[in-house]
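# Architecture at a glance
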There are 2 protein chains.
Amino acid sequence: MEDEVDRLVAAWRRERPDLDVEPLEVLSRVSRLARHLDRARRTAFAEHGLEPWEFDVLTALRRAGTPYQLSPGQLLTQTLVTSGTMTNRIDRLTGKGLVKRLPDPDDRRGVLVRLTDDGRDRADQALAGLLAHERELLAQLTSGQQTELAALLRQLVAPFDNIPG
Amino acid sequence: MEDEVDRLVAAWRRERPDLDVEPLEVLSRVSRLARHLDRARRTAFAEHGLEPWEFDVLTALRRAGTPYQLSPGQLLTQTLVTSGTMTNRIDRLTGKGLVKRLPDPDDRRGVLVRLTDDGRDRADQALAGLLAHERELLAQLTSGQQTELAALLRQLVAPFDNIPG
DNA sequence: CGCAGGTATCTCGACATCAAGATATCTCGG
DNA sequence: CCGAGATATCTTGATGTCGAGATACCTGCG
(Lines give C-alpha, C1' and ligand atoms only; values in the text may rest on other atoms or scores of the structure.)
Protein backbone atom coordinates (compact mmCIF):
# COMPACT_ATOMS: atom_id res chain seq x y z
CA MET A 1 0.00 0.00 0.00
CA GLU A 2 1.23 3.45 -0.94
CA ASP A 3 1.51 6.21 1.62
CA GLU A 4 2.01 9.96 1.69
CA VAL A 5 5.78 9.60 1.86
CA ASP A 6 5.85 7.57 -1.35
CA ARG A 7 4.14 10.50 -3.04
CA LEU A 8 6.50 12.94 -1.37
CA VAL A 9 9.59 11.06 -2.51
CA ALA A 10 8.24 10.70 -6.03
CA ALA A 11 7.65 14.44 -6.16
CA TRP A 12 11.20 15.20 -5.09
CA ARG A 13 12.62 12.79 -7.67
CA ARG A 14 10.70 14.66 -10.31
CA GLU A 15 11.62 18.14 -9.09
CA ARG A 16 15.16 17.52 -7.91
CA PRO A 17 16.46 14.50 -9.82
CA ASP A 18 19.97 15.61 -8.87
CA LEU A 19 19.41 14.87 -5.16
CA ASP A 20 19.41 11.54 -3.36
CA VAL A 21 16.33 11.74 -1.19
CA GLU A 22 16.55 8.20 0.14
CA PRO A 23 16.85 9.31 3.79
CA LEU A 24 13.31 10.66 3.64
CA GLU A 25 11.94 7.16 3.11
CA VAL A 26 12.78 6.39 6.70
CA LEU A 27 12.84 9.68 8.55
CA SER A 28 9.83 11.38 7.04
CA ARG A 29 7.82 8.29 7.85
CA VAL A 30 9.00 8.44 11.43
CA SER A 31 7.92 12.07 11.75
CA ARG A 32 4.57 11.57 10.10
CA LEU A 33 3.80 8.42 12.03
CA ALA A 34 4.63 10.20 15.27
CA ARG A 35 2.28 12.97 14.33
CA HIS A 36 -0.54 10.52 13.72
CA LEU A 37 0.27 8.71 16.94
CA ASP A 38 0.01 11.94 18.89
CA ARG A 39 -3.50 12.41 17.64
CA ALA A 40 -4.48 8.83 18.37
CA ARG A 41 -3.03 9.08 21.85
CA ARG A 42 -4.91 12.29 22.51
CA THR A 43 -8.14 10.50 21.66
CA ALA A 44 -7.29 7.47 23.77
CA PHE A 45 -6.44 9.54 26.83
CA ALA A 46 -9.52 11.70 26.52
CA GLU A 47 -11.53 8.64 27.59
CA HIS A 48 -9.73 8.88 30.90
CA GLY A 49 -9.81 12.65 31.18
CA LEU A 50 -6.08 13.05 30.67
CA GLU A 51 -3.97 15.06 28.24
CA PRO A 52 -0.94 13.39 26.66
CA TRP A 53 1.45 15.53 28.64
CA GLU A 54 -0.29 14.57 31.87
CA PHE A 55 0.05 10.92 30.96
CA ASP A 56 3.74 11.34 30.28
CA VAL A 57 4.44 12.79 33.68
CA LEU A 58 2.15 10.54 35.69
CA THR A 59 3.46 7.36 34.10
CA ALA A 60 7.06 8.39 34.58
CA LEU A 61 6.30 8.60 38.29
CA ARG A 62 4.30 5.40 38.22
CA ARG A 63 7.20 3.51 36.63
CA ALA A 64 9.54 4.68 39.33
CA GLY A 65 7.78 2.33 41.77
CA THR A 66 6.96 2.98 45.41
CA PRO A 67 6.88 5.66 46.68
CA TYR A 68 6.22 6.97 43.16
CA GLN A 69 8.40 10.01 43.35
CA LEU A 70 11.08 11.63 41.20
CA SER A 71 12.81 14.99 41.04
CA PRO A 72 11.78 17.48 38.35
CA GLY A 73 15.21 16.95 36.83
CA GLN A 74 14.66 13.23 36.48
CA LEU A 75 11.30 13.93 34.90
CA LEU A 76 12.99 16.25 32.39
CA THR A 77 15.29 13.60 31.02
CA GLN A 78 12.46 11.12 30.68
CA THR A 79 10.03 13.41 28.93
CA LEU A 80 12.40 15.46 26.75
CA VAL A 81 10.93 18.80 27.68
CA THR A 82 12.60 21.90 29.09
CA SER A 83 12.68 22.82 32.75
CA GLY A 84 10.23 25.66 32.33
CA THR A 85 7.74 23.31 30.78
CA MET A 86 8.14 20.81 33.58
CA THR A 87 7.63 23.42 36.28
CA ASN A 88 4.40 24.41 34.58
CA ARG A 89 3.25 20.80 34.24
CA ILE A 90 3.90 20.03 37.87
CA ASP A 91 1.98 23.16 38.86
CA ARG A 92 -1.05 22.08 36.89
CA LEU A 93 -0.95 18.47 38.00
CA THR A 94 -0.69 19.67 41.56
CA GLY A 95 -3.76 21.81 40.98
CA LYS A 96 -5.66 18.75 39.79
CA GLY A 97 -4.55 16.79 42.82
CA LEU A 98 -2.68 14.15 40.82
CA VAL A 99 0.79 14.88 42.20
CA LYS A 100 2.24 16.86 45.06
CA ARG A 101 5.56 18.57 45.63
CA LEU A 102 7.68 17.59 48.60
CA PRO A 103 10.98 19.13 49.69
CA ASP A 104 13.98 16.91 49.00
CA PRO A 105 15.36 16.03 52.44
CA ASP A 106 18.90 15.65 51.08
CA ASP A 107 19.16 18.79 48.92
CA ARG A 108 17.49 22.03 49.79
CA ARG A 109 17.58 23.20 46.16
CA GLY A 110 15.64 20.13 45.22
CA VAL A 111 12.06 19.01 45.15
CA LEU A 112 10.44 15.60 44.89
CA VAL A 113 7.28 15.15 42.91
CA ARG A 114 5.09 12.38 44.25
CA LEU A 115 2.04 10.72 42.75
CA THR A 116 -1.14 10.91 44.79
CA ASP A 117 -3.33 7.81 45.07
CA ASP A 118 -5.71 9.35 42.58
CA GLY A 119 -2.83 10.11 40.22
CA ARG A 120 -1.68 6.53 40.42
CA ASP A 121 -5.08 5.15 39.55
CA ARG A 122 -5.49 7.50 36.62
CA ALA A 123 -2.08 6.54 35.27
CA ASP A 124 -2.85 2.83 35.53
CA GLN A 125 -6.18 3.16 33.78
CA ALA A 126 -4.84 5.33 30.99
CA LEU A 127 -1.94 2.99 30.36
CA ALA A 128 -4.24 0.02 29.91
CA GLY A 129 -6.35 2.03 27.50
CA LEU A 130 -3.35 3.19 25.53
CA LEU A 131 -1.97 -0.31 25.13
CA ALA A 132 -5.31 -1.53 23.80
CA HIS A 133 -5.35 1.18 21.15
CA GLU A 134 -1.73 0.66 20.21
CA ARG A 135 -2.20 -3.05 19.79
CA GLU A 136 -4.81 -2.30 17.15
CA LEU A 137 -2.47 -0.04 15.23
CA LEU A 138 0.21 -2.70 15.28
CA ALA A 139 -2.15 -5.37 13.98
CA GLN A 140 -0.80 -4.34 10.56
CA LEU A 141 2.37 -6.23 11.40
CA THR A 142 3.14 -9.78 12.41
CA SER A 143 4.74 -10.33 15.76
CA GLY A 144 8.05 -11.02 14.05
CA GLN A 145 7.87 -7.82 12.06
CA GLN A 146 7.20 -5.86 15.22
CA THR A 147 10.29 -7.26 16.84
CA GLU A 148 12.33 -6.46 13.77
CA LEU A 149 10.99 -2.94 13.57
CA ALA A 150 11.72 -2.35 17.24
CA ALA A 151 15.30 -3.50 16.75
CA LEU A 152 15.90 -1.21 13.79
CA LEU A 153 14.43 1.76 15.60
CA ARG A 154 16.57 1.02 18.61
CA GLN A 155 19.67 1.35 16.49
CA LEU A 156 18.60 4.80 15.38
CA VAL A 157 17.55 6.06 18.79
CA ALA A 158 20.37 4.64 20.83
CA PRO A 159 22.94 7.29 19.91
CA PHE A 160 20.59 10.04 21.07
CA ASP A 161 19.75 8.27 24.30
CA ASN A 162 23.28 7.31 25.21
CA ILE A 163 25.42 10.22 24.04
CA PRO A 164 24.04 13.11 26.08
CA GLY A 165 22.52 15.62 23.72
CA MET B 1 22.99 -1.11 22.35
CA GLU B 2 20.36 -0.35 24.97
CA ASP B 3 18.13 2.68 24.69
CA GLU B 4 15.72 4.62 26.88
CA VAL B 5 12.77 2.52 25.73
CA ASP B 6 14.46 -0.68 26.88
CA ARG B 7 14.66 0.87 30.32
CA LEU B 8 11.08 2.07 30.10
CA VAL B 9 9.79 -1.37 29.14
CA ALA B 10 11.80 -3.05 31.86
CA ALA B 11 10.33 -0.65 34.40
CA TRP B 12 6.78 -1.44 33.33
CA ARG B 13 7.45 -5.17 33.47
CA ARG B 14 8.57 -4.71 37.04
CA GLU B 15 5.73 -2.42 38.09
CA ARG B 16 2.92 -3.93 36.07
CA PRO B 17 3.84 -7.56 35.36
CA ASP B 18 0.18 -8.20 34.59
CA LEU B 19 0.26 -6.03 31.44
CA ASP B 20 1.66 -6.84 28.00
CA VAL B 21 3.63 -3.72 27.14
CA GLU B 22 5.05 -5.06 23.89
CA PRO B 23 3.45 -2.32 21.76
CA LEU B 24 5.66 0.25 23.46
CA GLU B 25 8.76 -1.38 21.96
CA VAL B 26 7.71 -0.02 18.60
CA LEU B 27 5.52 2.99 19.22
CA SER B 28 7.43 4.63 22.06
CA ARG B 29 10.53 4.41 19.93
CA VAL B 30 8.74 6.11 17.08
CA SER B 31 7.64 8.96 19.32
CA ARG B 32 10.98 9.43 20.95
CA LEU B 33 12.90 9.24 17.70
CA ALA B 34 10.58 11.83 16.18
CA ARG B 35 11.23 14.08 19.11
CA HIS B 36 14.98 13.79 18.65
CA LEU B 37 14.61 14.34 14.92
CA ASP B 38 12.70 17.55 15.53
CA ARG B 39 15.58 18.89 17.51
CA ALA B 40 18.12 17.82 14.92
CA ARG B 41 16.09 19.38 12.14
CA ARG B 42 15.81 22.62 14.04
CA THR B 43 19.58 22.76 14.25
CA ALA B 44 20.03 21.88 10.61
CA PHE B 45 17.61 24.53 9.40
CA ALA B 46 19.06 27.22 11.60
CA GLU B 47 22.11 27.17 9.32
CA HIS B 48 19.82 28.43 6.59
CA GLY B 49 17.81 30.83 8.73
CA LEU B 50 14.66 28.74 8.59
CA GLU B 51 12.35 27.28 11.22
CA PRO B 52 11.09 23.73 10.77
CA TRP B 53 7.56 24.93 10.08
CA GLU B 54 8.85 27.29 7.41
CA PHE B 55 10.68 24.44 5.77
CA ASP B 56 7.57 22.30 5.79
CA VAL B 57 5.50 24.87 3.95
CA LEU B 58 8.17 26.02 1.53
CA THR B 59 9.12 22.51 0.48
CA ALA B 60 5.50 21.48 0.00
CA LEU B 61 5.24 24.30 -2.50
CA ARG B 62 8.61 23.47 -4.02
CA ARG B 63 7.56 19.87 -4.60
CA ALA B 64 4.45 20.98 -6.41
CA GLY B 65 6.64 22.06 -9.32
CA THR B 66 6.20 25.13 -11.51
CA PRO B 67 4.58 27.50 -10.81
CA TYR B 68 5.18 26.42 -7.20
CA GLN B 69 1.72 27.15 -5.91
CA LEU B 70 -0.88 25.32 -3.81
CA SER B 71 -4.07 26.26 -1.98
CA PRO B 72 -3.97 26.58 1.81
CA GLY B 73 -6.20 23.52 1.92
CA GLN B 74 -3.69 21.42 0.01
CA LEU B 75 -0.97 22.65 2.34
CA LEU B 76 -3.07 21.54 5.31
CA THR B 77 -3.26 17.95 4.23
CA GLN B 78 0.44 17.80 3.53
CA THR B 79 1.60 19.33 6.76
CA LEU B 80 -1.00 17.90 9.18
CA VAL B 81 -1.77 21.20 10.87
CA THR B 82 -5.07 22.99 11.36
CA SER B 83 -6.38 25.77 9.17
CA GLY B 84 -5.79 28.46 11.78
CA THR B 85 -2.18 27.43 11.98
CA MET B 86 -1.75 27.49 8.23
CA THR B 87 -3.25 30.95 7.90
CA ASN B 88 -0.79 32.16 10.48
CA ARG B 89 2.14 30.46 8.73
CA ILE B 90 1.26 31.95 5.38
CA ASP B 91 0.99 35.38 6.96
CA ARG B 92 4.45 35.14 8.41
CA LEU B 93 6.05 33.67 5.30
CA THR B 94 4.46 36.46 3.29
CA GLY B 95 5.95 38.96 5.71
CA LYS B 96 9.40 37.46 5.10
CA GLY B 97 8.88 37.61 1.36
CA LEU B 98 9.17 33.86 0.86
CA VAL B 99 5.64 33.30 -0.46
CA LYS B 100 2.80 35.44 -1.71
CA ARG B 101 -0.93 35.01 -1.78
CA LEU B 102 -2.80 35.17 -5.10
CA PRO B 103 -6.54 34.97 -5.65
CA ASP B 104 -7.71 31.67 -7.11
CA PRO B 105 -9.08 32.55 -10.56
CA ASP B 106 -11.52 29.61 -10.48
CA ASP B 107 -12.95 29.98 -6.97
CA ARG B 108 -13.43 33.29 -5.30
CA ARG B 109 -13.40 31.69 -1.83
CA GLY B 110 -9.98 30.33 -2.59
CA VAL B 111 -6.43 31.52 -2.48
CA LEU B 112 -3.24 30.26 -4.04
CA VAL B 113 0.00 30.43 -2.16
CA ARG B 114 2.99 30.81 -4.43
CA LEU B 115 6.69 30.55 -3.70
CA THR B 116 8.79 33.61 -4.47
CA ASP B 117 12.18 33.16 -6.13
CA ASP B 118 13.81 33.78 -2.79
CA GLY B 119 11.54 31.22 -1.13
CA ARG B 120 12.46 28.66 -3.73
CA ASP B 121 16.17 29.16 -3.24
CA ARG B 122 15.87 28.90 0.52
CA ALA B 123 13.86 25.72 0.24
CA ASP B 124 16.39 24.15 -2.10
CA GLN B 125 19.33 25.02 0.12
CA ALA B 126 17.65 23.83 3.30
CA LEU B 127 16.64 20.55 1.72
CA ALA B 128 20.20 19.78 0.69
CA GLY B 129 21.36 20.59 4.21
CA LEU B 130 18.71 18.43 5.79
CA LEU B 131 19.52 15.43 3.63
CA ALA B 132 23.17 15.66 4.57
CA HIS B 133 22.33 15.62 8.27
CA GLU B 134 19.83 12.81 7.90
CA ARG B 135 22.28 10.66 6.00
CA GLU B 136 24.56 10.85 9.00
CA LEU B 137 21.86 9.70 11.36
CA LEU B 138 21.06 6.78 9.10
CA ALA B 139 24.67 5.70 8.92
CA GLN B 140 23.76 3.45 11.86
CA LEU B 141 21.99 1.19 9.38
CA THR B 142 23.03 -0.64 6.24
CA SER B 143 21.31 0.28 3.05
CA GLY B 144 19.30 -2.93 3.21
CA GLN B 145 18.18 -2.24 6.74
CA GLN B 146 17.02 1.21 5.73
CA THR B 147 14.88 -0.23 2.98
CA GLU B 148 13.43 -2.77 5.37
CA LEU B 149 12.70 -0.15 7.99
CA ALA B 150 11.01 2.08 5.44
CA ALA B 151 8.79 -0.79 4.34
CA LEU B 152 7.71 -1.63 7.87
CA LEU B 153 6.96 1.98 8.66
CA ARG B 154 4.97 2.30 5.48
CA GLN B 155 2.68 -0.48 6.65
CA LEU B 156 1.97 1.39 9.84
CA VAL B 157 1.46 4.81 8.29
CA ALA B 158 -0.55 3.76 5.27
CA PRO B 159 -3.87 3.32 7.09
CA PHE B 160 -3.64 6.86 8.41
CA ASP B 161 -2.69 8.32 5.06
CA ASN B 162 -5.30 6.47 3.04
CA ILE B 163 -8.33 6.30 5.29
CA PRO B 164 -9.18 9.98 5.80
CA GLY B 165 -8.69 10.81 9.43
C1' DC C 1 -34.03 30.78 -9.89
C1' DG C 2 -33.54 30.34 -4.86
C1' DC C 3 -32.17 28.16 -1.00
C1' DA C 4 -29.87 24.49 1.94
C1' DG C 5 -25.86 22.44 2.77
C1' DG C 6 -21.08 22.05 1.79
C1' DT C 7 -16.45 24.08 1.29
C1' DA C 8 -12.30 27.37 1.69
C1' DT C 9 -10.21 30.43 4.42
C1' DC C 10 -9.66 33.47 8.17
C1' DT C 11 -10.38 35.27 13.13
C1' DC C 12 -9.94 34.90 17.95
C1' DG C 13 -8.96 33.34 22.57
C1' DA C 14 -6.80 29.83 25.33
C1' DC C 15 -2.87 27.38 26.20
C1' DA C 16 1.54 24.62 26.15
C1' DT C 17 6.09 25.10 24.94
C1' DC C 18 10.67 27.04 24.71
C1' DA C 19 14.90 29.85 25.65
C1' DA C 20 17.24 32.59 28.55
C1' DG C 21 18.04 34.28 32.78
C1' DA C 22 17.25 34.55 38.04
C1' DT C 23 17.74 32.48 42.52
C1' DA C 24 19.14 29.35 45.92
C1' DT C 25 22.00 25.73 47.15
C1' DC C 26 25.73 22.41 46.79
C1' DT C 27 30.72 20.88 46.08
C1' DC C 28 35.37 21.03 46.25
C1' DG C 29 39.98 22.90 45.70
C1' DG C 30 43.05 25.80 48.18
C1' DC D 1 36.39 27.79 55.97
C1' DC D 2 35.92 30.57 51.65
C1' DG D 3 34.75 31.40 47.06
C1' DA D 4 34.19 29.82 42.19
C1' DG D 5 31.73 27.11 39.46
C1' DA D 6 28.22 23.59 39.01
C1' DT D 7 23.52 22.23 39.75
C1' DA D 8 18.25 22.28 40.61
C1' DT D 9 14.36 24.64 40.00
C1' DC D 10 11.56 28.45 38.93
C1' DT D 11 10.34 32.91 36.35
C1' DT D 12 9.40 35.56 32.40
C1' DG D 13 8.23 36.93 27.75
C1' DA D 14 7.60 35.52 23.09
C1' DT D 15 5.66 32.40 20.09
C1' DG D 16 3.25 28.60 17.57
C1' DT D 17 -0.59 25.73 17.75
C1' DC D 18 -5.21 24.32 18.33
C1' DG D 19 -10.35 24.45 18.24
C1' DA D 20 -14.44 26.65 17.49
C1' DG D 21 -16.79 29.83 15.17
C1' DA D 22 -17.38 33.54 11.44
C1' DT D 23 -17.55 34.81 6.70
C1' DA D 24 -17.78 34.38 1.88
C1' DC D 25 -18.64 31.65 -1.82
C1' DC D 26 -19.97 27.46 -4.48
C1' DT D 27 -23.17 23.51 -5.91
C1' DG D 28 -27.12 21.12 -6.89
C1' DC D 29 -31.78 19.95 -5.84
C1' DG D 30 -36.50 21.24 -6.29
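Residues numbered from 1 in each chain as written. Chains lettered and ligands numbered in written order. Predicted model: local features only at pLDDT ≥ 70, side-chain atom pairs only at ≥ 80, totals over all residues. Heavy atoms only, no water.

## Digging into the relation of the copies chain A and chain B
The transform that puts chain A on chain B rotates by 180° and translates by 0.0 Å along the axis, for an RMSD of 0.0 Å. These values place the two chain copies in the arrangement generated by a two-fold rotation axis. Counting the interface residues of chain A, we find that 100% of their copies in chain B are interface residues as well, pointing to one common contact surface. (Least-squares fit on C-alpha atoms with pLDDT ≥ 70 in both. Contact = heavy atoms within 4.5 Å.)

## Concerning the protein's contact with DNA strand C
In the region of DNA strand C, 22 residues are neighbours, and Arg89 of chain A together with Gly73, Ser83, Arg101 and Arg109 of chain B sit closest. Thr87 of chain B places a polar side-chain atom, nitrogen or oxygen, 3.4 Å from a phosphate oxygen of DNA strand C. The side chain of Arg109 of chain B places a nitrogen or oxygen atom 2.6 Å from a base oxygen of DNA strand C. Within the residue set of the surface near DNA strand C, elements represented by two or more residues are α5 (83-95) of chain A together with α4 (72-79) and α5 (83-95) of chain B. Here the residues of the surface near DNA strand C are counted per class, giving 4 nonpolar, 10 polar and 8 charged. (Near = heavy atom within 4 Å. Polar contact = N/O pair within 3.5 Å; in protein donor to acceptor, adjacent residues only side chain to side chain. Helix = DSSP H or I, 4+ residues; strand = E, 2+ residues; numbered from the N terminus. Nonpolar A, V, L, I, M, F, W, Y, C, P; charged D, E, K, R; others polar.)

## Observations regarding the pattern of salt bridges
Under the criterion given, the structure shown has 38 salt bridges over all chains. In this structure, Glu2 of chain A engages Arg7 of chain A in a salt bridge whose closest nitrogen and oxygen atoms are separated by 3.2 Å. Asp124 of chain B is the salt-bridge partner of Arg62 of chain B, the closest N and O atoms lying 2.9 Å from each other. With Arg62 of chain B in helix α3 (residues 52-63) and Asp124 of chain B in helix α6 (residues 117-137), this residue pair connects regions lying 62 residues apart in the sequence. (Salt bridge = Lys/Arg side-chain N within 4 Å of Asp/Glu carboxyl O.)

## Quick word on the sheet that holds strand β3 (residues 111-115) of chain B
All names here are of chain B. Spatially, the 3 strands line up as an open sheet ordered β1-β3-β2, and their pairing is antiparallel. Sheet topology places β1 (69-70) and β2 (99-103) at the edges, where each strand pairs with a single neighbour. When β1 meets β3, the two strands line up antiparallel, connected through 2 bridges. When the sheet's bridge partners are listed, Leu70 is paired in β3 with Val113. Packed onto the sheet, α5 meets β2 and β3 and runs at close to 115° relative to β2. (Pairing = 2+ DSSP bridges. Axes fitted to C-alpha atoms, helices over the stretch in contact; angles between N-to-C directions.)

## Quick look at the interface of chain A and chain B
Between chain A and chain B, the contact holds 68 residues from the first and 68 residues from the second. Taken together, the links from chain A to chain B amount to 10 salt bridges. Across the pair Arg62 of chain A and Glu15 of chain B runs a salt bridge, and its minimum N-O distance is 3.1 Å. Our enumeration of links across chain A and chain B arrives at 14 residue pairs in polar contact (both at pLDDT 80 or more). Of all the secondary structure elements, the ones that give two or more residues to the side of chain A that touches chain B are α1 (4-15), α2 (22-46), α3 (52-63), α4 (72-79), α6 (117-137) and α7 (143-162) of chain A. Here the side of chain A that touches chain B gets 16 residues from one element, more than from any other, and that element is α7 of chain A.

## Quick notes on the domain arrangement of chain A
All names here are of chain A. For chain A, the domain assignment lists domain 1 (1-46) and domain 2 (47-162). Across the contact, 8 residues belong to domain 1 and 14 residues belong to domain 2. At the boundary of domain 1 with domain 2, total buried surface from both sides reaches about 1000 Å², with 65% on carbon and sulfur atoms. Contact with domain 2 buries area across many residues of domain 1, yet Arg41, Ala44 and Phe45 alone supply 60% of it, more than any other trio. (Domains from an automatic or database assignment. Buried area = accessible area lost by both parts, 1.4 Å probe.)

## Some thoughts on the side chain of Arg16 of chain B
Topologically, Arg16 of chain B is positioned in the loop between α1 (4-15) and α2 (22-46). When its relative accessible area of 13% is taken as the criterion, Arg16 of chain B is described as buried. The contact partners of Arg16 of chain B, leaving out residues within four places of it in the chain, are Arg62 and Asp124 of chain A. (Buried < 20%, exposed > 50% of the residue type's maximum accessible area, 1.4 Å probe, protein only.)

## Regarding the sheet that holds strand β1 (residues 69-70) of chain A
Residues and elements named next belong to chain A. On the basis of which strands lie adjacent, the open sheet formed by 3 strands has the order β1-β3-β2 and antiparallel pairing. In this open sheet, the two strands that pair with only one neighbour each are β1 and β2 (99-103). Of the strands in this sheet, β2 and β3 (111-115) are in contact with α5, which crosses β2 at around 115°.

## Let's talk about the pairing of β3 of chain A
Pairing of β2 of chain A with β3 of chain A involves 5 bridges; the strand directions are antiparallel. For Pro103 of chain A, the partnering residue across the bridge sits in β3 of chain A and is Val111 of chain A.

## As for the protein's contact with DNA strand D
If you check the shell around DNA strand D, you find 22 residues, and the closest are Gly73, Ser83 and Arg109 of chain A together with Asn88 and Arg89 of chain B. The separation between a base nitrogen of DNA strand D and a polar side-chain atom of Ser83 of chain A is 2.6 Å. One of the side-chain N or O atoms of Thr85 of chain B is found 2.8 Å from a phosphate oxygen in DNA strand D. Among the secondary structure elements, those contributing two or more residues to the surface near DNA strand D are α4 and α5 of chain A together with α5 of chain B. Top contributing element to the surface near DNA strand D by residue count: α5 of chain B, with 5 residues. Looking at the surface near DNA strand D, its residues break down into 4 nonpolar, 10 polar and 8 charged.

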